[in-house]
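# Structure assessment
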Amino acid sequence: MTLSGLSATAQDVPQSTQPAPGVTTPSAEPPSVMVPLPLPPALEKKDEDKKDDKDVSAPEAPVTPPPPGTPTITLPSPPETEQPIPPPASLDTPIVSDADFDAALPALEAGEAPEGTVQAEASAARQLAPVETPEDAELAAALAPLEGYDVQPVEIGAAPETPPSIAYKTQVTGLKPIGQEDRFEDLSALKNGKGKAANAAMVRARANEDQTLAVRLMKSAGYYDGKVTTTITAPATEGEPVVATLTALPGTPYELGNIAIDAQPTVPETLIRDALPLKTGDVISANSVLAAEANVGVVLPRNGYPFAKVGARDIVLDPQTHVGDYTLKVDTGNRSRFGKVTTDGDLAFDANHIAVLTRFDKGDLYDSRMVDDLRQALVSTSLFRTVSVESKATGVIDAENVETVDLIVHQNAGPARTLSAEVGFATGQGATAEGTWTHRNFFPPEGALIAHGVIGTQEQGLDLTYRRSNFKRRDLTLALAVSAEHQIYDAYQAYTTGFTGSLARVSTPIWQKEWTWSIGAELLASREKATIANTMLSAFETYYLANIPARLGYDQSDDLLNPTKGYRLAIQGGPQFSLSGTAASTFRTVFDASYYKAFGARIVLATRARLGALIGGATADIAPSRRLYAGGGGSVRGFAYQGLGPLDATGDPTGGRSLFEASAEVRYRWGDWGVVPFIDVGQVYDAQFPDFSDMRVGIGVGARLYSNFGPIRIDVATPIDRRADEPQFALYVGIGQAF
């Protein structure tokens, strides 16, 4: 059946690239046409029902005959009982409303099933009948209780054996002559594999990695044309290791040719070139080039260029001559002078006190060493959680083209109070317990208040000290103290009250100084008990003394608490005046020297000597606590504290007017532990100067635990030719080396 009324020309309808189903397109590909397709039968039936309920058809539009030559489309004819559905007047307008549709439905009589029930019944009839499963007596039986089961552990099979591995050995040639073999062995994958690999492929992978490493090492040594070959050789006989051979052919090293500096002018003109320790003809070694450039970065800030930056290097290699021309770019920045010092943050003290700590004056040429020195001085006060020093350009440039640079100290004050305690024991001194309370900034700036007490079997005391660090100038310490103590030793018993004052330049663990000195004054009142000469009687006597102690030290050792090289010299003494007729006035002198020598990284030989003399007055005329004594820790180990020298009628030491001591020890260290065998000699004499007779010797061994604040020392010693009443051994515990 031909529907001429549904035909259309290409100009009347949109074009489509795909033909509609059931439409045949001529091979000549005429314009495609879109037409309404027949509805499925079920939908047509429902639409007829709706038309029977209510006529909603629209008048049929007139059909215009198509022009001649227009293709027509033939569609299957619908059943004769069906009528075509007229198109709606508008796509947005429903054919019939839902309300009209519901009203048009016929009423159902009671018991009458609506259309579609037959299909539902048929569908229900087609459902499968339930499957009847025959009862299984075993499955229906009740389960036995768990107690009735005999539970046996499951045996786990043995762990799989370790996969077999192969052994190999490594042979390297060609790197030793250029000084790279040790470095190669530190980094080698083959060497780190310790001669074991899972398979040959792993050996080959390690060899390839080492080949790349060897090439890199050769280039770092100046051999830029170097080549490396690796071979893996199977063993000739079963059981022998595989051999991995790496052969390096360094070739000819490249040398420096022209050396140029690309930078702004400096004062002096040769400052950068002089700081670059490279010269024409040197091998282009990575280590030497990097070290030379780092030196430039250090020297410039030390000579007035705080913001200097070392740029990229440029090395042009000539493979024909094996020469490389070197150019270094440097941005020097402005030459600068020190300006003012300011501070911010949580302050421990103000900028005026910071100026006391500086070792430069305003207007001095900038030197980074002075900035580092100031930073270290700030840290050594122990008043900060954090502290830093920043150099800041001001942009102010004088007539000499020199810029002013200010320093800004960023402070973050830490806790100023410290509470500490310590215990100790030494033969002859007994056990002691000490406690110290310190407020390091009680009287700002850096005015500390220190309360110290000691309780021991042979010593009790209390002292209160005011200490002003960096007093008026850098590294100068003022100290004023009042003390009261009670001492009970074999040589004497004393109750002493004192007032002391001193001005000193001393070393600290953070800030070790080459030269140290101190001078002070003491006023003492002491009630002392000692044995009366040539008798077995003892009595108390009261002494009033005024002393002017002084000390001068020179330190060339490398560490304050644990020296390994260098030496130290010190002399101390001063006049001791008697303010009553019960004692003689004397001049006290003690000289100390120590020397340290390292043998390798583990062994240090340490030696020391001490000479002392009291000039003026007989021994009996000198207050017992002011005499010279020897013996004990820090003196001659193996003997009791103050145990050497002349003895009274009761066998107790009396002290003397001169002394000599010497010690030698070998300090052997491994890791954080150490052992120290030692020998000490010494004696105290009644004469004004030592005569080196009747020298006493003590030998022993010590243990050391090296911590970050110094070695912890435990020494055990015994006297040679021990005499009656002398200890069989002596024990000493402390922090720091014995000397």
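For the structure itself, look to the data block above.
Everything in this summary refers to the structure shown in the same document.

What counts, and where the lines are drawn
- Position numbers for residues count from 1 along each chain, tracking the sequence in the order it is written.
- Local features are withheld for residues below a pLDDT of 70 in this predicted model, meaning they are given only at 70 or higher, and side-chain atom pairs are given and counted only at 80 or more; totals for whole chains, interfaces and linings count all residues.
- In computing side-chain values, all of the structure's heavy atoms are included and hydrogens and water are not.
- Secondary structure elements are defined from DSSP: runs of H or I of at least 4 residues count as helices, runs of E of at least 2 residues count as strands, and each element is numbered from the N terminus.
- We call a residue buried when its accessible area falls under 20% of the maximum for its residue type, exposed when it is over 50%, and partly exposed in between, using a 1.4 Å probe and counting protein chains only.
- Here, two residues are considered to be in contact whenever any of their heavy atoms come within 4.5 Å of each other.
- Note that accessible areas follow from Shrake-Rupley with a 1.4 Å probe, and for residues the cover is restricted to the protein chains shown.
- Any helix carries an expected span of 1.5 Å times its number of residues minus one.
- When DSSP finds two or more bridges between two strands, those strands count as paired.
- Angular values range over 0 to 180 degrees, each being the angle between N-to-C directions of two axes fitted as lines to C-alpha atoms, with helices fitted over their stretch in contact.
- Two aromatic rings from Phe, Tyr or Trp, using only the six-membered ring of Trp, form a pair when their centres are within 6.5 Å; if the ring planes differ by under 30 degrees the pair is stacked, by over 60 it is edge-to-face, and anything between is tilted.
- By definition, being over a ring means that NZ of Lys or CZ of Arg is both within 6 Å of the ring centre and within 35 degrees of the ring normal.
- Salt bridges are identified by distance alone: a Lys or Arg side-chain nitrogen within 4 Å of an Asp or Glu carboxyl oxygen.
- Among buried residues, the Ala, Val, Leu, Ile, Met, Phe, Trp, Tyr and Cys ones that are joined through side-chain atoms within 4.5 Å form a nonpolar core.

## Details of the overall build of the protein chain
Along its length, the protein chain carries eleven helices and 27 strands. For the protein chain, the residues scored as buried account for 34% of the 739 residues in total. Taking as baseline every contact in the protein chain between residues at least 6 positions apart, the subset at least 24 positions apart corresponds to 57%. Only carbon and sulfur atoms are counted for the fraction: they give 57% of the accessible area of the protein chain, which is about 43,700 Å².

## Topic: helix α9 (residues 286-302)
Taking 1.5 Å per residue, 17 residues should reach 24 Å; α9 reaches 25 Å between its end C-alpha atoms and fits that length. G304 lies just past α9 and shows a positive phi near 100°.

## Concerning the sheet that holds strand β9 (residues 384-397)
Where strands meet in a sheet, backbone hydrogen bonds hold them as pairs that are either parallel or antiparallel. The strand order β8-β10-β9 describes an open sheet built from three strands, whose pairing is mixed. Taken across any chain shown, the strands that pair with only one partner, and hence form the sheet edges, are β8 (336-346) and β9. Each strand axis lies, on average, 20° off the axis of its neighbour in the sheet, ignoring direction. Bridge count for β9 against strand β10 (residues 403-413) is ten bridges, and the pairing is antiparallel. Residue pairing in the sheet places A393 in a bridge with V405 of β10. Packed on one face of the sheet, helix α11 (residues 368-380) meets β8, β9 and β10 and runs near 150° to β9.

## Section: the sheet that holds strand β4 (residues 242-249)
If you walk across this open sheet you meet the four strands as β2-β1-β4-β3, and the pairing is mixed. In the strand order of this sheet, the two ends are held by β2 (196-197) and β3 (227-233), each with one partner. Sheet topology note: the strand β1 (residues 166-173)/β4 ladder contains six bridges and is parallel. Residue pairing across strands places Y168 opposite V242, the latter belonging to β4. Across the sheet, helix α7 (residues 200-220) lies against β1, β2, β3 and β4, angled at about 160° from β3, the strand it touches most.

## A short note on the packing of aromatic side chains
For any pair of aromatic rings, the description consists of the separation of the ring centres together with the inter-plane angle of the planes. Evaluated as defined, the whole model comprises 14 aromatic pairs. When the centroid spacing of 4.7 Å and the interplanar angle of 75° are considered together, the rings of F442 and F443 count as edge-to-face. The exposure class of F442 is partly exposed, given its relative accessible area of 40%. A relative accessible area of 35% means that F443 is categorised as partly exposed. With a centroid separation of 5.1 Å and 75° between ring planes, the pair formed by F660 and F692 is classed as edge-to-face. Placement of the pair is F660 in strand β23 (residues 658-670) and F692 in the loop between β24 (673-685) and β25 (696-707), with a sequence separation of 32 residues. Here the aromatic cluster, defined as three or more aromatic residues joined through ring pairs, consists of Y489, Y492, Y629 and Y641. Here the guanidinium or amino end of R667 rests over the ring plane of F739, the centre of that ring lying 5.2 Å away. Geometry around Y706 places R669 over its ring, the cationic atom sitting 4.0 Å from the centre.

## Let's talk about the pattern of salt bridges
Applying the stated rule across the entire model yields 22 salt bridges. The residue D475 makes a salt bridge to R359 at a minimum N-O spacing of 2.8 Å. Of the two residues, D475 sits in the loop between β14 (459-468) and β15 (477-488) while R359 sits in the loop between α10 (351-357) and α11, which places them 116 residues apart along the sequence. Accessibility expressed as a relative area gives 9% for D475, which makes it buried. Owing to a relative accessible area of 38%, R359 belongs among the partly exposed residues under this scheme.

## Some remarks on the pairing of β15
Bridge count between β14 and β15: ten bridges; the pairing is antiparallel. Residue pairing for β15: L464 is matched across the bridge by V482. As defined by bridge partners, β15 adjoins strand β16 (residues 493-505) across twelve bridges and the pair is classed as antiparallel. Counterpart to E485 in the pairing with β16 is T496. In sequence, β15 turns back onto β16 through a hairpin of four residues.

## What to know about the nonpolar core
Counting residues in hydrophobic clusters, the biggest one holds 20 residues, and the most contacted among them are F349, L378 and L407. Elements with a contribution of two residues or more to this core: β8, α10, α11, β9 and β10. Excluding its chain neighbours within four sequence positions, the residues that come into contact with L407 are F338, K340, V341, T342, F360, Y366, V371, L374, V389, E390 and S391.

## Looking at unusual backbone geometry
For the bond running from V267 to P268, omega is -5°, close enough to zero to count as cis. In this fold, P268 is placed in the loop between β5 (255-262) and α8 (271-275). In this chain, P444 is followed by P445 through a cis amide linkage whose omega measures 0°. Here P445 lies in the loop between β12 (430-443) and β13 (447-456). The phi angle at D475 is positive, at roughly 70°, despite the residue not being glycine. Phi angles above zero are rare outside glycine, and Q642 is one such case at about 60°.

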